[in-house]
Amino acid sequence: MAARKDTPNDLPEQSTPAATIRTQEYSAGTGWEVGQTAPEDAYRALDVSGSGEPTGPVVNKHPGGYARQIVTKGALVTAGVKRELDAAEAEQDGEG
């Protein structure tokens, strides 16, 4: 009698893989780029004349009076945070 050879149609179906390998996740590190962890708090003073517009440089401690906290130390730097930091830098450089 001839030995029976398994064909792909005779093999049991496997709905999930026997082992799933998870990709390694690395943090983006600390810095001011999108996706990184903010190394310091970032604040910007607000105009006291009533307009509420940000004014002055970005500082790492609350400047007193009215101020907006852009990001806290250890938080994720998002695209919005990066945009606000870049806008403040451009304004200080005379481009704004």
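What comes next concerns the included structure. (Residues numbered from 1 in each chain as written. Predicted model: local features only at pLDDT ≥ 70, side-chain atom pairs only at ≥ 80, totals over all residues. Heavy atoms only, no water.)

When you go through the protein residue by residue, the secondary structure sums to 1 helix and 3 strands. In sequence order, the secondary structure elements of the protein are arranged as β-β-β-α. By the burial criterion, 16% of the 96 residues in the protein qualify as buried. Long-range pairs, those at least 24 residues apart, make up 48% of the contacts in the protein with a sequence separation of at least 6. About 7700 Å² of surface is accessible on the protein, with carbon and sulfur atoms providing 50% of the total. (Helix = DSSP H or I, 4+ residues; strand = E, 2+ residues; numbered from the N terminus. Buried < 20%, exposed > 50% of the residue type's maximum accessible area, 1.4 Å probe, protein only. Contact = heavy atoms within 4.5 Å. Areas by Shrake-Rupley, 256 points an atom, 1.4 Å probe, with all protein chains shown as cover.)

Glancing now at the side chain of R44. With respect to the secondary-structure elements, R44 resides in strand β1 (residues 42–46). Polar side-chain contacts of R44 include one of 2.8 Å to the side chain of E91. Excluding residues within four positions of it along the chain, R44 makes contact with P54, T55, G56, P57, V58, A67, R68, I70, A88, E91 and Q92. (Polar contact = N/O pair within 3.5 Å; in protein donor to acceptor, adjacent residues only side chain to side chain.)

Let's shift gears to helix α1 (residues 79–92). End to end, α1 covers 20 Å across 14 residues, agreeing with the expected 20 Å (1.5 Å per residue, within 8%). Listed in full, the buried residues belonging to α1 are V81, L85, A88 and A90. Following α1 by one or two positions, G94 has its phi on the positive side, about 90°. (Expected span 1.5 Å × (residues − 1).)

Side chains of nonpolar character tend, in soluble globular proteins, to be buried together. Residues A38, A42, I70, V71, V77, V81 and L85 constitute the largest nonpolar core, which totals 7 residues. Among the elements of the structure, β3 (67–71) and α1 are those that each provide at least two residues to this core. Among residues more than four places away in sequence, those in contact with V71 are W32, A38, E40, D41, A42, L76 and V81. (Core = buried A, V, L, I, M, F, W, Y, C linked by side-chain atoms within 4.5 Å.)

Here we come to the pattern of salt bridges. Side-chain pairs of opposite charge can arise whenever the charged atoms involved come near each other. Counted according to the given criterion, the structure contains 4 salt bridges. A salt bridge links K82 to E33; its shortest N-O distance comes to 3.5 Å. Within this pair, whereas K82 is found in helix α1, its partner E33 is found in the segment before β1, the two being separated by 49 residues in sequence. The class of E33 is partly exposed, set by a relative accessible area of 45%. A single network of salt bridges, built from pairs that share partners, joins E33, K82 and D86. (Salt bridge = Lys/Arg side-chain N within 4 Å of Asp/Glu carboxyl O.)

With that settled, consider the side chain of Q36. By the element assignment, Q36 lies in the segment before β1. Only 3.4 Å separates the side chain of Q36 from the backbone oxygen of A28, close enough to count as a polar contact.

With that out of the way, let us pick up the sheet that holds β1. On the basis of which strands lie adjacent, the open sheet formed by 3 strands has the order β2-β1-β3 and antiparallel pairing. Looking along the sheet, the strands with just one partner apiece sit at the ends: β2 (54–59) and β3. In this sheet, adjacent strand axes meet at a mean angle of 25° when their direction is disregarded. In terms of strand pairing, β1 meets β2 through 3 bridges, oriented antiparallel. Its bridge partner lying in β2, L46 is registered against P54. The strands touched by α1 within the sheet are β1, β2 and β3, with β2 carrying the most contacts at an inclination of about 105°. (Pairing = 2+ DSSP bridges. Axes fitted to C-alpha atoms, helices over the stretch in contact; angles between N-to-C directions.)

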